[in-house]
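A closer look at the structure
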Amino acid sequence: MNAVLAENLVKSFGDVRAVDNVSLTIKEGEIFGFLGPNGAGKTTTIRMITGVLIPDFGDVKIFGTDIHKDPITSKLNMGIIPENGTVYADLTALQNVLLTAKFYGMKKNEREMRANEVLENLGLSERKNSLVRSFSKGMRQRVAIAAAIVHSPKLLILDEPTTGLDVYSRRLVIDTVREMNSKASTILLTTHNIEEANALCSKVAVINKGKIAAVESPEKLKKTFDTSGYVEVSFDRNVSEEVFSYQGIEKAEKWGDKWRIYSDDPDRTVKFLSALAEREKLKFVGISTSNPSLEEAFVKLTEED
Ligand SMILES: Nc1ncnc2c1ncn2[C@@H]1O[C@H](COP(=O)(O)OP(=O)(O)OP(=O)(O)O)[C@@H](O)[C@H]1O
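Residues numbered from 1 in each chain as written. Predicted model: local features only at pLDDT ≥ 70, side-chain atom pairs only at ≥ 80, totals over all residues. Heavy atoms only, no water.

**Some remarks on the side chain of Thr190**
Tracing the sequence through the fold places Thr190 in strand S8 (residues 186-191). For Thr190, a relative accessible area of 0% puts it in the buried group. A distance of 2.4 Å separates polar atoms of two side chains, one belonging to Thr190 and the other to Asp159. Beyond its immediate sequence surroundings of up to four residues, Thr190 is in contact with Phe34, Lys42, Ile46, Leu158, Asp159, Glu160 and Pro161. (Helix = DSSP H or I, 4+ residues; strand = E, 2+ residues; numbered from the N terminus. Buried < 20%, exposed > 50% of the residue type's maximum accessible area, 1.4 Å probe, protein only. Polar contact = N/O pair within 3.5 Å; in protein donor to acceptor, adjacent residues only side chain to side chain. Contact = heavy atoms within 4.5 Å.)

Now the structure itself:
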């Protein structure tokens, strides 16, 4: 079953078409990353998916239920951490989480057990009885996350969950996302952080100027935009450029003590190099293929025309 099925979402604010015909399918069990530059339409899309904003056009189904026709059923399945997650500053961390647990209709015993458990997992046990007012940004964000996951939602939606957090809070947030996913939650998160998306997500969608530019696994996306396709090789002695003249090899460039061999088929290049080494009695000192980055793909997908 699809956790999220968003079809043809459109939302304008005055003359600005913030979201322009966006469709997304998020399968159960995925960690789905929503990437895009500032103002691309990520938050507006998330707000439509979570039922906070009514689209001008289009539908959203959460586990098959229309969010606008039956918001309660849909929302019971969700945990939502909005951008700059909101928590009550005049309540303690524990009171914040217990309050949300109550909203979700959890029983008293279960509320207390789970609230303590999630606060512990998010490194907040020792401060659970302190007012949130006294907390740092990272701690507040962790309280917001604890509150959003206390009812073990089937779908966890996080808008920029790690922006502005210190390394410790970021690590706890990422570990929590992974743990929720391993316990059968589907995750949808927006992020600016491409390396984070690369490390966490099984699939990413890139949005630019309100439109979806690509939906792929990070690995496929990297490969699609890898224009650098080269193999780097060094031998135990110098060779001249001519030895690399071979069908399919576009060029060979000297890089320090190595050669970069460009082609559209690294597998063939490696086989060719192996035959070359044998024929010329060369020994490999090192050989590696280029490592395309998701950042490169992202920049290509979102760069100005
Ligand atoms: N309530 C609003 N009223 C007017 N314009 C809005 C409103 N919300 C969003 N916009 C505009 O819609 C566009 C998309 O904004 P949105 O916040 O969805 O982008 P985003 O991808 O989440 O950006 P960021 O990464 O900076 O948070 C922007 O041009 C923004 O100025």
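**Some thoughts on the pattern of salt bridges**
One pass over the full model with this rule turns up 15 salt bridges. Of the charged contacts, one joins Lys11 and Asp56 as a salt bridge, the two residues approaching to 3.4 Å between their closest N and O atoms. Highlighted residues: Lys11 in strand S1 (residues 2-13) and Asp56 in the loop between helix H1 (42-49) and strand S4 (57-62), separated in sequence by 45 residues. Between Asp20 and Arg17 there is a salt bridge, with the nearest N and O atoms lying 3.1 Å from each other. Each of the salt bridges in this network shares a partner with another, and the network as a whole consists of Arg17, Asp20 and Lys211. (Salt bridge = Lys/Arg side-chain N within 4 Å of Asp/Glu carboxyl O.)

**Here's the deal with the sheet that holds strand S10 (residues 211-216)**
In a beta sheet, neighbouring strands are held together by backbone hydrogen bonds and run either parallel or antiparallel to one another. Overall, mixed pairing links the six strands, which are arranged S6-S7-S8-S3-S9-S10 in an open sheet. The sheet is open, and its two borders are formed by strand S6 (78-81) and S10, each paired with just one other strand. On average, each strand axis in the sheet is tilted by 15° relative to the strand beside it, whichever way the strands run. The sheet contact formed by S6 and strand S7 (residues 155-159) spans four bridges and is parallel. The partner of Ile80 across the bridge, within S7, is Ile157. Lying over the sheet, helix H10 (residues 294-302) contacts strand S3 (31-35), strand S9 (203-208) and S10, oriented at roughly 30° with respect to S9. (Pairing = 2+ DSSP bridges. Axes fitted to C-alpha atoms, helices over the stretch in contact; angles between N-to-C directions.)

**Comments concerning the site of the ligand**
Neighbouring the ligand are 13 residues; Asn38, Gly39, Lys42, Thr43 and Thr44 lie closest to it. Within the backbone of Gly39, one N or O atom sits 2.8 Å away from an oxygen atom of the ligand. For the ligand, whose unbound accessible area comes to 630 Å², protein coverage reaches 62%. Of all the secondary structure elements, the ones that give two or more residues to the shell around the ligand are strand S2 (16-27) and H1. (Near = heavy atom within 4 Å. Areas by Shrake-Rupley, 256 points an atom, 1.4 Å probe, with all protein chains shown as cover.)

**Quick notes on the sheet that holds strand S12 (residues 249-255)**
The four strands are arranged S12-S13-S11-S14 in an open sheet whose pairing can be described as antiparallel. Here the strands that pair on one side only, and so sit at the sheet edges, are S12 and strand S14 (284-289). Looking at each pair of strands side by side, their axes are set apart by 20° on average, direction ignored. One ladder, built from four bridges, connects strand S11 (residues 230-235) with strand S13 (residues 258-263); its direction is antiparallel.

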